[in-house]
Amino acid sequence: MNQWSMYMNGQWVQATSGERSEIINPADRSVVGTAAYGGAVDAERAIHAAAAAFKSWAALAAKERAAYLNRLAELLEQHKEELAGLITLEMGKPLAEARGEVAISAEYLRWNAGEAVRSYGKVIPSSSADKRLLSIRQPVGPVGAITPWNFPLSMAARKLGPALAAGCTIVLKPALQTPGAAVKFFELAALAGIPAGVMNLVTGDPKEIGDKLLSHPAIRKITFTGSTAVGKLLMKSAADHVKNVSMELGGHAPLIVFEDADLEQAVAGAMSSKFRNAGQTCICANRIYVQRSVADRFMEQFKEAVERLVAGDGRVEGTTIGPVIDEKSLRKIQFQVDDAISKGASVVTGGKRNERLSGYFFEPTILQDVNDTMTISQEETFGPVAPIYLFDTEEEVINQANHSVYGLAAYFYTKDLGRTIRVYEALEYGIVGCNDAVPTAVEGPFGGLKESGIGREGGPDSLADFLETKFVSIRI
Ligand code: ADP
């Protein structure tokens, strides 16, 4: 049985209270380990360590910080199987997806290592002949990072990579359900020789640790990935300290299939966008709009593909869809399906929890005759349910697609170039996939509009969220 500890100032430690929490495998509800259940006191110790290490880490040449990150990336790849196994064990995704998560985590570190040496400043022509003006970029300071359970490793890497590259130290609080992959990540960071205090890990009480990270003056920035509800709470308390925040929050992605789409490609895209990670990503399609003239053909192929999914333990060869994270999540998904049915939707396939399997499984589901009065049309499902909406015109579907408080990801399928440009320009989303259901890439800026967040992770400007600009005016 795994016994996971916290890591601060280069030491593995237990919670001051001695408390531990149990970690459950959602595929069979077995206890797979226990983790230190830290609180405010532990968070404070970690913050002190991050603050003490900040000056010397920031003072390293960018090239040296990049070398540490590249070494850590290599170690992630060398321990890919172990890391992927931990991810699957604690949150249930199929091993093939978990391996992909390890691979992209290493890439986040490498990309940011590359950007570390490019945080250029500017020389600005002055309007006074006797002045010289510069702007320089410096690390924002020690960072508090809070990550979710759906990508236990890559969300940590996506925050740690740019923060460390920019010269910030960090305190990471992973999700309560998934400390294992983070613990292994920190073991590898120690092996990579990253100096004590630069990376600190606190597991345990989300509210106590979160409150401490937000209220402590040494923490200069909060980077969060999680639900919009928690993100709003964090932004409110960040306001009390005027603390810099980056927020990657919920989504409600539309996926539009136009009549001129390559239908096979659109079906494959809908499958991967909707059912990857059992529907538990913030960029999963949550509304699938199909143009009426191709609806029957699309539905036939889509239903066939959904019914081919193999649900089970992600460690078993051949499993293509795992469980959802817990009982609460199962209940929420069932509520959305029942609510839709009570308002006129009908079930094409699935529709209920899977009673044959002992874990938290919901049957891959398609709903038709869905409309905007249903909860599923507004709220994130975070589960394997695909609601289908029919539409007639481009203008109508763009209005419907944009009718959301969220603005993270949107997808559409068409072969028409003019339409491609019109539609990607009109969609009010931070990420748009044109004939592409997997738009996540380390080299692309990831982030949302509206209530989906603030800031971007990855891409050519990936360090920006972790740098402050200082203006220097010199009279000569
Ligand atoms: P999800 O619905 O994906 O679990 P959450 O927003 O609840 O999303 O969780 C994302 C992260 O936020 C997790 O690390 C969780 O422990 C943390 N979290 C939850 N509530 C709070 C809180 N009040 N303060 C700080 N962090 C929190």
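As the structure is a computational prediction, the values presented were derived from the model and not from experiment. (Residues numbered from 1 in each chain as written. Predicted model: local features only at pLDDT ≥ 70, side-chain atom pairs only at ≥ 80, totals over all residues.)

Asker: Tell me about the packing of helix α3 (residues 80-91) against helix α6 (residues 180-191), residues and numbers included.
Answerer: The geometry of α3 relative to α6 is characterised by a closest axis approach of 8 Å and an angle of 160° between their N-to-C directions. Judged on the interaxial angle alone, α6 and α3 are roughly antiparallel. Residues Glu82, Leu83, Leu86, Ile87, Leu89 and Glu90 of α3 form the contact with α6, whose own contacting residues are Gly180, Ala181 and Lys184. The residue makeup of the contact of α3 with α6, split by class, is five nonpolar, one polar and three charged. (Axes fitted to C-alpha atoms, helices over the stretch in contact; angles between N-to-C directions. Helix = DSSP H or I, 4+ residues; strand = E, 2+ residues; numbered from the N terminus. Parallel < 35°, antiparallel > 145°, perpendicular 65-115°, else oblique. Contact = placed C-beta atoms within 7 Å. Nonpolar A, V, L, I, M, F, W, Y, C, P; charged D, E, K, R; others polar.)

Asker: Provide a residue-level description of the nonpolar core, including the pertinent values.
Answerer: Formed by 147 residues in total, the largest nonpolar core has its most connected members in Leu72 and Ile170. When residues of this core are sorted by domain, at least three fall in each of domain 1 (2-249 + 452-475) and domain 2 (253-442). Not counting residues up to four positions away in its chain, the partners in contact with Ile170 are Ala50, Val143, Ala145, Leu160, Ala163, Leu164, Met199 and Asn200. (Core = buried A, V, L, I, M, F, W, Y, C linked by C-beta atoms within 7 Å. Buried ≥ 20, exposed ≤ 12 C-beta atoms within 10 Å, placed from the backbone. Domains from an automatic or database assignment.)

Asker: I'd like a description of the sheet that holds strand β5 (residues 30-36), backed by residues and values.
Answerer: If you trace the three strands from one edge of the open sheet to the other, you get β1-β5-β4, paired in mixed fashion. The sheet terminates laterally at β1 (2-4) and β4 (20-25), the two strands that pair on one side only. Neighbour to neighbour, the strand axes of the sheet diverge by 30° on average, direction disregarded. The pairing of β1 with β5 spans three bridges and is classified as parallel. The residue of β5 that forms the bridge with Trp4 is Ala35. (Pairing = 2+ DSSP bridges.)

Asker: Describe the pairing of strand β17 (residues 385-391), with residues and values.
Answerer: Most of β17 sits inside the fold, with six of its seven residues counted as buried. Two elements, strand β14 (residues 285-291) and β17, share four bridges in a ladder whose sense is parallel. Residue pairing in the sheet places Gln291 in a bridge with Phe391 of β17. Alignment of strand β16 (residues 365-368) against β17, held across three bridges, turns out to be parallel. The residue bridging Leu367 from the neighbouring strand is Pro387, located in β17.

Asker: Quick one: what's the story with the site of the ligand, residue by residue and with numbers?
Answerer: Close contacts around the ligand come from 14 residues, with Pro206, Gly210, Gly226, Ser227 and Val230 the closest. It is helix α7 (residues 206-215) that provides the largest number of residues to the shell around the ligand, a total of three residues. Its residues assigned to classes, the shell around the ligand comprises eight nonpolar, four polar and two charged. (Near = placed C-beta within 6 Å.)

Asker: So what's going on with the environment of Arg422? Residues and values would help.
Answerer: Within the element layout of this structure, Arg422 appears in helix α13 (residues 417-426). Under the C-beta neighbour-count criterion, Arg422 is labelled partly exposed, with 15 such atoms within 10 Å. Each C-alpha atom of the pair Arg422 and Asn435 lies 14 Å from the other, and the pair is 13 residues apart in sequence.

Asker: Account for unusual backbone geometry, with residues named and values stated.
Answerer: Phi at Val242 is positive, roughly 45°, even though this residue is not glycine. Structurally, the position occupied by Val242 is in the loop between α8 (228-240) and β12 (244-248). We classify Val242 as exposed; it has 6 C-beta atoms within 10 Å. Phi at Phe382 takes a positive value of approximately 55°, unusual for a residue other than glycine. Since 24 C-beta atoms lie within 10 Å of it, Phe382 is described here as buried.

Asker: Break down the packing of helix α4 (residues 95-116) against helix α5 (residues 154-166) for me, citing the residues and quoting the values.
Answerer: Direction vectors running N to C along α4 and α5 enclose 10°, while the axes themselves pass 8 Å from each other. Classified by the interaxial angle, the pair formed by α4 and α5 is roughly parallel. When α4 is examined against α5, the residues Glu101, Ile104, Ser105, Tyr108, Leu109, Trp111, Asn112, Ala113, Glu115 and Ala116 are found in contact with a partner set consisting of Ser154, Ala157, Arg158, Gly161, Pro162 and Ala165. Its residues placed into classes, the contact of α4 with α5 shows nine nonpolar, four polar and three charged.

Asker: Describe the sheet that holds strand β23 (residues 467-475), naming the residues involved and giving the relevant values.
Answerer: Strand order in the open sheet formed by three strands is β6-β7-β23, with antiparallel pairing between adjacent strands. Looking at the sheet topology across the chains shown, the edges are occupied by β6 (122-124) and β23. Across the sheet, the mean angle from the axis of one strand to that of its neighbour is 25°, orientation sign disregarded.

Asker: Can you break down the UniProt feature "coiled-coil region" (unreviewed entry) in the protein residue by residue, with the values?
Answerer: Under the UniProt annotation, the feature "coiled-coil region" (unreviewed entry) is placed at residues 58-89. Taken end to end, residues 58-89 comprises 91% helix and 0% strand; its first and last C-alpha atoms sit 36 Å apart. (UniProt positions renumbered as here; feature names shortened; annotations may be inferred.)

Asker: Outline the pairing of strand β9 (residues 170-173), listing residues and values.
Answerer: Of the two faces of β9, the one holding Ile170 and Leu172 and the one holding Val171 and Lys173 are both buried throughout. Across four bridges, strand β8 (residues 143-146) lies against β9 in parallel orientation. Looking at the pairing, Ala145 lines up with Leu172 of β9.

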